[in-house]
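# Residue-level structural notes
Residues per chain, in single letters:
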Amino acid sequence: MKMRMREAIVSALADEMRSDPTVILLGEDIAGAGGPFKTSDGLLDEFGPMRVRDTPISEMGFTGAAVGASALGLRPVVEIMFMEFLGVALDQLVTEAAKFRYLSAGQISCPLVVRASIGAGLGFGSQHSQTLENWVTSTPGLKVVTVSSPQSAYDLMRSAIRDPDPVIVLEPRVLYADRSEVETGDHRIGKLGVAHLAQIGEDLTIVAMGQTVNIAVRGTQQAGVSADIIDLRTLAPWDRETVFNSVKKTGRLVVIEEAPESGGWGSQIVSAVTENQFRDLKSPTVRITTPNVPVPYGKKLESKFLPSPDEVAHTLSEFLETGNVPAPWWVREGYVQ
Amino acid sequence: MKMRMREAIVSALADEMRSDPTVILLGEDIAGAGGPFKTSDGLLDEFGPMRVRDTPISEMGFTGAAVGASALGLRPVVEIMFMEFLGVALDQLVTEAAKFRYLSAGQISCPLVVRASIGAGLGFGSQHSQTLENWVTSTPGLKVVTVSSPQSAYDLMRSAIRDPDPVIVLEPRVLYADRSEVETGDHRIGKLGVAHLAQIGEDLTIVAMGQTVNIAVRGTQQAGVSADIIDLRTLAPWDRETVFNSVKKTGRLVVIEEAPESGGWGSQIVSAVTENQFRDLKSPTVRITTPNVPVPYGKKLESKFLPSPDEVAHTLSEFLETGNVPAPWWVREGYVQ
Amino acid sequence: MSTVLKSTETAIQRREALARGAKQQFERMIEIRTIEAVVNDLFAAGSIHGTTHLCVGQEALDVGIALALRPTDMVTATYRSHGIALALGMTPLEVMGEIMGKDVGCTDGVGGSMHLCDMSVGLLPTFAIVGAGYPVAAGAALAFQTLGQDSVALAMAGDGSTNIGAFHESLNLAAIWKLPVIFVVDNNVYGEYSRIDTTTPIEDLYLRAASFDIPGIVVDGMDVTAVEAVVRQAADRARRCEGPTLIEAKTYRFSGHSRADQAPYRPVGELESWQQRDPIKLMSEKLVNEGVLTSDQVLQITESTRESISELVAGLEALPEPEYSAMFNNVWTTEKVT
Amino acid sequence: MSTVLKSTETAIQRREALARGAKQQFERMIEIRTIEAVVNDLFAAGSIHGTTHLCVGQEALDVGIALALRPTDMVTATYRSHGIALALGMTPLEVMGEIMGKDVGCTDGVGGSMHLCDMSVGLLPTFAIVGAGYPVAAGAALAFQTLGQDSVALAMAGDGSTNIGAFHESLNLAAIWKLPVIFVVDNNVYGEYSRIDTTTPIEDLYLRAASFDIPGIVVDGMDVTAVEAVVRQAADRARRCEGPTLIEAKTYRFSGHSRADQAPYRPVGELESWQQRDPIKLMSEKLVNEGVLTSDQVLQITESTRESISELVAGLEALPEPEYSAMFNNVWTTEKVT
Ligand SMILES: Cc1ncc(C[n+]2csc(CCOP(=O)(O)OP(=O)(O)O)c2C)c(N)n1
Ligand SMILES: Cc1ncc(C[n+]2csc(CCOP(=O)(O)OP(=O)(O)O)c2C)c(N)n1
Ligand SMILES: [Mg+2]
Ligand SMILES: [Mg+2]
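Here is what the cut-offs are and how they apply
Residues numbered from 1 in each chain as written. Chains lettered and ligands numbered in written order. Predicted model: local features only at pLDDT ≥ 70, side-chain atom pairs only at ≥ 80, totals over all residues. Heavy atoms only, no water. Contact = heavy atoms within 4.5 Å. Buried area = accessible area lost by both parts, 1.4 Å probe. Salt bridge = Lys/Arg side-chain N within 4 Å of Asp/Glu carboxyl O. Helix = DSSP H or I, 4+ residues; strand = E, 2+ residues; numbered from the N terminus. Buried < 20%, exposed > 50% of the residue type's maximum accessible area, 1.4 Å probe, protein only. Near = heavy atom within 4 Å. Polar contact = N/O pair within 3.5 Å; in protein donor to acceptor, adjacent residues only side chain to side chain. Nonpolar A, V, L, I, M, F, W, Y, C, P; charged D, E, K, R; others polar. Donors = N, O, S within 2.8 Å, 3.2 Å for Na, K, Ca; no water. Least-squares fit on C-alpha atoms with pLDDT ≥ 70 in both. Domains from an automatic or database assignment.

## Topic: the interface of chain B and chain D
- Contacts between chain B and chain D engage 40 residues on the former and 38 residues on the latter.
- In total, about 3,000 Å² of surface goes out of reach between chain B and chain D, with carbon and sulfur atoms giving 67% of it.
- The largest share of the area that chain B buries against chain D comes from B:Ile57, B:Tyr297 and B:Lys300, three residues that together contribute 26% of it.
- If you look at where chain B meets chain D, you find zero salt bridges.
- Put simply, the parts of the chain that give the side of chain B that touches chain D at least two residues each are helix H9 (299-305) and helix H11 (329-332) of chain B.
- Sorting elements by how many residues they give to the side of chain B that touches chain D places H9(B) first, with six residues.

## As for the pattern of salt bridges
- Within the structure shown, the criterion is met by 74 salt bridges over all chains.
- The salt bridge partner of B:Glu257 is B:Arg287, with a shortest N-O separation of 2.5 Å. Of this pair, B:Glu257 sits in strand E13 (residues 253-260) while B:Arg287 sits in strand E14 (residues 286-290), placing them 30 residues apart in sequence.
- Residue class for B:Glu257 comes out buried when judged on its relative accessible area of 0%.
- The class for B:Arg287 is buried, based on a relative accessible area of 11%.
- Residue D:Arg277 pairs with D:Asp220 through a salt bridge whose shortest N-O separation is 2.8 Å. Of the two residues, D:Arg277 sits in the loop between helix H9 (270-275) and helix H10 (279-289) while D:Asp220 sits in strand E6 (residues 216-220), which places them 57 residues apart along the sequence.
- Linked by salt bridges that have partners in common, A:Asp15, A:Glu16, A:Arg18, A:Glu46, A:Arg158, A:Arg162 and A:Asp186 make up one network.

## What about the site of ligand 2?
- Around ligand 2 there are 21 residues in total, and B:Glu59, D:Tyr79, D:Arg80, D:Ala128 and D:Gly160 lie nearest to it.
- At ligand 2, the nearby residues belong to more than one chain, namely chains B and D.
- Interatomic distance of 2.9 Å between a side-chain N/O atom of D:Asp159 and an oxygen atom of ligand 2.
- Between ligand 2 and the protein, one listed contact pairs an oxygen atom with a side-chain N or O atom of D:Asn188 at 2.9 Å.
- Looking at side-chain class alone, the shell around ligand 2 contains nine nonpolar, seven polar and five charged residues.

## What about the coordination of the magnesium ion (ligand 3)?
Residues and elements named next belong to chain C.
- Coordination of the magnesium ion (ligand 3) by the protein involves Asp159 (OD), Asn188 (OD1) and Tyr190 (O), with metal-donor separations of 1.9 to 2.1 Å.
- For the magnesium ion (ligand 3), the donor residues sit on a single chain with the sequence spacing D-x28-N-x1-Y. Of this pair, Asp159 sits in the loop between strand E2 (153-158) and helix H7 (165-176) while Asn188 sits in the loop between strand E3 (181-187) and strand E4 (190-191); the two residues are 29 residues apart in sequence, bridging distant segments of the chain.

## Quick look at the relation of the copies chain A and chain B
- Each copy superposes on the other: chain A lies on chain B with an RMSD of 0.0 Å after a rotation of 180° and an axial shift of 0.0 Å. What the rotation and shift describe, once combined, is the action of a two-fold rotation axis. Rotation axis and chain A: the residue whose C-alpha lies nearest the axis is A:Trp135, separated from it by 2.4 Å.
- Residue by residue, 100% of the interface of chain A is reproduced at the interface of chain B, so both copies engage with the same surface.

## What to know about the domain arrangement of chain A
Residues and elements named next belong to chain A.
- Here chain A is partitioned into domain 1 (2-188) and domain 2 (196-332).
- Using only C-alpha atoms to locate each centre, domain 1 and domain 2 end up separated by 27 Å.
- Domain 1 puts 28 residues into the contact, and the matching count from domain 2 is 21 residues.
- Here domain 1 and domain 2 share an interface that buries about 1,800 Å² over both sides, 54% of which is from carbon and sulfur atoms.
- Applying the counting rule to domain 1 against domain 2 returns zero salt bridges.
- Between domain 1 and domain 2 we count ten residue pairs in polar contact (both at pLDDT 80 or more) in total.
- With four residues, strand E6 (residues 143-146) is the single largest residue contributor to the side of domain 1 that touches domain 2.
- Looking at the side of domain 1 that touches domain 2 residue by residue, the classes come out as twelve nonpolar, 13 polar and three charged.

## With respect to the coordination of the magnesium ion (ligand 4)
Residues and elements named next belong to chain D.
- Of the protein atoms, only Asp159 (OD), Asn188 (OD1) and Tyr190 (O) coordinate the magnesium ion (ligand 4), at distances of 2.0 to 2.2 Å.
- Mapped onto the sequence, the residues coordinating the magnesium ion (ligand 4) show the spacing D-x28-N-x1-Y.
- Looking at Asn188, the relative accessible area reads 4%, which means it is buried.
- Exposure remark for Tyr190: the relative accessible area of 3% places this residue in the buried category.

What follows is the structure, encoded as structure tokens:
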């Protein structure tokens, strides 16, 4: 069935709620209004106000409540409308939930899912467009997942809810309206930590995630490049085997991320590959990122700011031709030296 | 004069407060008690309660207050007693202060310093021992500094207070009692973003920061290895030139960080070096980190958990001998496969 | 480029104009409403990227606050700030320019509808994170207090924001330090799509002042003069170093929460009953009754404002989007370390 | 290994013992105080790494709470939790073992003094972040409510924690959802080295309940029976689905804040005047007056507790630190995806 990504999320939540009465939803305007991005549309009607709860504007309060509830037998799914809002609640995820199992010697776990929308592309400006993956990675005990399509959103959401540990699921906001075929059902549930080979090729390995998977696909097509495109899906812990196998084959690694050049999740991948596969690498590694600036408003600026198929195509072509890492657009065009 | 690092911090704060009446201090128990780590001892007496203020336990409140005050003519220095506490206040630093200049088209800046103690080694357990640099790096508009000795603490604190942008200064808690010669005075004030060559050598480049600088020095001595040891000092934006020049010379890069293997600041360095200097590298890059677990309590566990001179020595020797990256202790000793 | 763009009226002049009398205040309210209508249309038509939050119904609060404060006082506000920005004096060019993402906007077009700022009339960069402005206002007040200035800071935010931790922490901090700050809660009955009674166990938010032993005052947010009076009283108190005040202004959000919201969740008749208390309607009736304006003049003001705003918008539409270089400015302060 | 380590008394049995009467409650209070004295000495001597926070003076509060709750009820507490842990039933072995970083401790020695946990008697992992336990307790209550269980959750935290946002957010959330949760503020007059009046504009913290339209109750935290009564009343209310209660217990922190603190900031005579109200002194006087115990018996309880704890500690000291493998356990749940 064709679904928009937001519908796939609703579907996944509904299927989990049907199969497990301990799954509940918490978040701002997720009940009556069906969610600011309509990712819980209709769920109040089906599951009632005990299981689908609108919260006050209290991210620390309701994220923390989900932590407590998850330790006592529920599987709460919390919506953080924009990832930035975790900036008022991060403690509960990183310093509490991720350590509950450790600090209880395994007496309890926190099978909790926090869903947060991330990224730019919709003109929401500097405070509602960041990706901020770094806030949650490198937290032993916490899993981090990013969805990239309606199908992956369905699969990963169900898998995250089943996962016995706390999981944060990052949802690129720009993909909510994406529409494609989705297969639903219990067989779609899998283990987290497994990457997906979105495209198979020869000349290089592209590691992408979330919203950059499509950019990678379009960029390689535009450049006529033959590349493995790995949709990482789980960022913590990430699937080393899939990435390493691909790099072994291609000898070239490119990471495409919507995060500032000065620091983003891609560095973790590059670093592990360099440490483990230095001698498999034929050329330098490449990160395609955003420039080191806050997300600007306005379509023209914002589109330019984001990694684009054009930029990817340009970078890949020149990289394969010269074996060197091309300068990013902001250097080429003279905005930054 | 010989000083403990905590005294060097007091000294730097005092010197800045003497030279600039707009410098004020905010934090929990920093006034009457002179600070939980005695890093503001005596300052209440000299500067009075208007400029040295004890706050309620309200990190969001007083960090935010510092943001507002910095926009209106003060240069507040905020103490976050343990870095973890930023988990209840991160929004004000990353999403507000770092963007104030951008979102005011340059009408205002936030010359604000947030000081936060970081790291393990004193038996404070899982919720008071993390480093969490990732929370604040990759934030355009925010500078991140880590001190590594009494002298660097003095220099960097004064420089951070003078800096016109928001700066977070990370202070490895385990170093507060370290004692060594400190030169004070205005000539110690410099620009942020400049690394320090703590030791000069030939065979490899070690990038360390904060508490791992000493570990690096002791580890190389133990191994009898000739290495450049770069004390990064500013993590955002970091000094590429110094690192790149050293790697050009040595062809080998080792990063030593007190952060989980699964993700830490060192990956940024590795990734930039691999992208820019792939052909200068003779061997794979190496990260010496902590294992992927929350910080354990108890001297035995905690000491083992931390990067140690022994582990550094072992890693460097084997690395130089074989050209390969040795497995970390937790793999060698069979705790993790 | 349209001639409108060349207007030399400054924010400060516009601020001073407000104090001249009820007519000017009324004109400003009309201006705000007119601009919000235009913004609504532009977003609905998809001519502007992103989202926007209108303050229709809350014009009296915005203008009342502006009247009670000095341009050197500092205001923190939210994503719903077109009204307070204009009331404080910001020009339609600065405001509409920013909303439309043009480089004549107050933040050169990089901020957008949620991010307005003009320090010349005391508007700090507005906040898209609920509650984030409270501690920042307390901090501005801390600067005034520490520097011995007699300015005050004022934080404006919505009813929903009184459930977030930053609200509580800021009031506590301001109380303990007797900071010259005023917290104005614009109780417009809704936070996004949620009616206040579904998220907040008390109806009268000013009562939360008691937790901090500071005055809590409630005011009719539909009445410019009433708002001006209580804010002035709180500002006087603050300037006398007696500390903060919490003011709850009862208003109503006539529009939906943001761009796409048609507010289907409103109880039948609620909007209509509040429209009886439309601040612009109330004020025009009052001014006509008192003989300050004739009905014809009211119409004329409305009409001429509409015209000038249309002209402005037309001029703005003709402008190109900013150069890419705009996004690289003002990330860091280039000012040298001294 | 010492025979003490082989004690088979379980937490649940110890919890049940409390209900048997005043003597048992008194013994538990003595046990808590004795353990805190030993902990103090061990840290002072540098035999234990890290820091610790003693609850001396607050034993009545801990035992009163334990009496009022069922073992299936859930408690969140802080770094200052040796007392509540023991009161709820945790064995001296579990508690001292953990504080001393041994693998017989409740979290296998990886948690330490600030992190105690025993779900069999309802103690969630204690919180080293001020305020963090409030929302978690609300969440435990949310689970009870959603699952139709008649358990309650209780959050304990200090006076200083009422200034942090999480306190406010949690009370609001609990109020709006009528969660079966009790918030107990242990007002021991200090937060670290700061007297409450320097950080908090009101003296009576239970008044903060009014912001959420929930009952606020104050109780003498030095009196076990009084504490038990108000907590039971709040628990009954919660079990009747009538929602949360805020309880302020007036106590005093007889020790410094943490390991090294000698509390030089205390006004002269303050400690001494509170020592007149020492809960153990009050209870022993009462029990002797009422003829429940003789003065000799009181001495004997004190002495024999001291002996058994010394013996326990000696046994624990002889144990090695945990194997390195301990730090790798329980990071992730190994349970398979179903
Ligand atoms: C911390 C945080 N949580 C949630 C949001 C999303 N959000 C934006 S506006 C809003 C409603 C705010 O309601 P209120 O405070 O009453 O202000 P109003 O919009 O009515 O002016 C919400 C939930 C946010 N911006 N920040
Ligand atoms: C968010 C946060 N801020 C600061 C601290 C440091 N800290 C630990 S205990 C404490 C004082 C708490 O006082 P109170 O709530 O009265 O509890 P008490 O220690 O008196 O039991 C502080 C400031 C912390 N642990 N967490
Ligand atoms: Mg509102
Ligand atoms: Mg206290």
